[in-house]
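# Observations on chain architecture
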Amino acid sequence: MAAPIPSIPPNISTVTAPLLFGALFNHALYGILSTQVFFYSLTFPNDPKRNKILVYSVYLFETLQIFLATADTYYWLASGFGDVPRLDNTYISAFDTPIMCGIVSFVVQSWFCYRIWVLCDKRYVWWSGLIFLISATQACAAIAGGARGHIQGHFSQAHDFIEIIYMWFIGSATADILIAGTMAYLLLQARAKDNSPLDGILIKLVTLVMETNALTASFALLSLTIFLAAPKTNWFICPILIIGKLYSNTLLVSFNNRSFLRVGKNPISMNINLSFQCTVAAEDSWNVCSHNPDDEEVTDVTHGHGGMYTFNSFSTPGSKNIILKDTEEFSKEGHDNKSPAVV
């Protein structure tokens with residue numbers, strides 16, 4: 001005769017809620033990551049091969065993680081429904097959460113270290129190396145913590161190796177803070193003193209780096225705070241389940257943000273079908289023409305006057321681009337209304 005299943009305690013929600021919310025947020029962030037990868041594939045088909053390998057490898061890695069995390073959720077909340085002791089069983093989460101999270105965070109932080117190494121003065125290359133060592137340390141701690149957790153097999157015993165947890169979370173947060181501060185400093189140092197249009201791009205980059213790294217550092221510290229403040233609960237699991245996806249999305253945001261950086265009126269080309277509308281005042285005239293970036297000649301010039309117009313284009317590096325500029329600007333540039341300018 002099978003042993004009777006223990007009765008469900010009144011505080012069961014404090015045990016199941018972190019597992020459920022962590023799984024839901026993890027899947028939501030995977031959906032955002034998938035959208036970003038799709039956008040990247042359309043926007044940057046000619047990106048360097050090393051960038052593509054990095055992006056798609058991280059995405060495949062996170063796809064594996066979401067399958068394993070789903071198996072965990074099924075084990076805890078579906079096949080083990082009503083089995084309270086099973087909720088304390090780590091199952092395979094020790095691998096798909098701390099170990100895989102530590103690996104993806106190390107990869108993303110290493111990529112930022114490479115950017116710092118490229119941007120900084122060669123006299124300070126050691127600084128990027130220091131951040132790299134801190135990142136490697138937190139990754140090793142995450143892997144060691146995952147291995148220890150799998151051996152012990154219970155969430156309730158996580159405090160038995162609290163030193164490893166400290167090293168993981170504090171190391172991760174420290175690396176993120178150093179990366180954010182260093183990137184901000186280097187980019188601000190590169191600003192021109194004459195209000196160059198490039199300054200706007202640098203400010204956007206600084207803001208993006210600060211925000212994304214502050215987010216990942218905050219979640220690492222939040223996980224540590226909950227782990228210490230609520231030692232008898234599973235609430236620390238919820239933020240830990242999604243940290244890896246935050247790092248992956250940070251990487252993709254950094255790549256995709258290039259599409260929205262502009263210098264003056266010149267955008268970065270996007271390899272997708274575009275349709276845009278513009279309204280021209282009744283007293284103004286306009287010109288639309290096709291221009292090949294590899295050729296100074298401008299062809300297919302069309303003229304018009306005030307009204308609402310819709311234009312379609314297909315823009316790729318080296319292909320023809322739709323150009324819109326008002327007649328007065330064309331004339332000022334002395335090209336007989338045929339001056340190339342991308343809108």
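Reading the values: the criteria
- Residues numbered from 1 in each chain as written.
- Predicted model: local features only at pLDDT ≥ 70, side-chain atom pairs only at ≥ 80, totals over all residues.
- Heavy atoms only, no water.
- Salt bridge = Lys/Arg side-chain N within 4 Å of Asp/Glu carboxyl O.
- Helix = DSSP H or I, 4+ residues; strand = E, 2+ residues; numbered from the N terminus.
- Buried < 20%, exposed > 50% of the residue type's maximum accessible area, 1.4 Å probe, protein only.
- Phe/Tyr/Trp six-rings, centres within 6.5 Å; stacked < 30°, edge-to-face > 60°.
- Expected span 1.5 Å × (residues − 1).
- Bend = angle between axes of the 7 residues up to and from the residue.

## Focus on the pattern of salt bridges
Counting across every chain of the model gives two salt bridges. For Asp47, the salt bridge is made with Arg258, and the minimal N-O distance between the two is 2.9 Å. Here the residue Asp47 occupies a position in the loop between helix H1 (13–43) and helix H2 (49–77), and Arg258 occupies one in the loop between helix H7 (237–256) and strand S1 (262–263), the gap between them amounting to 211 residues. A residue is classified by how much of its surface remains accessible, and Asp47, at 11% relative accessible area, is buried.

## A short note on the packing of aromatic side chains
Any pair of aromatic rings gets described here by the distance separating the centres and the angle formed by the planes. By the definition in use, this model includes 13 aromatic pairs. Between the aromatic rings of Trp111 and Phe255, the centroid separation amounts to 4.9 Å while the plane-to-plane angle is 40°, which identifies the pairing as tilted. Of the two residues, Trp111 is situated in helix H3 (residues 93–119) and Phe255 in helix H7; the sequence distance between them amounts to 144 residues. Both residues of the pair, Trp111 and Phe255, belong to the buried class.

## Some remarks on H7
Its 20 residues give H7 an end-to-end C-alpha distance of 30 Å, which sits within 8% of 28 Å, the value for a rise of 1.5 Å per residue. The sharpest bend along H7 comes to roughly 30°, located at Ile243. The buried fraction of H7 is high, at 19 of 20 residues.

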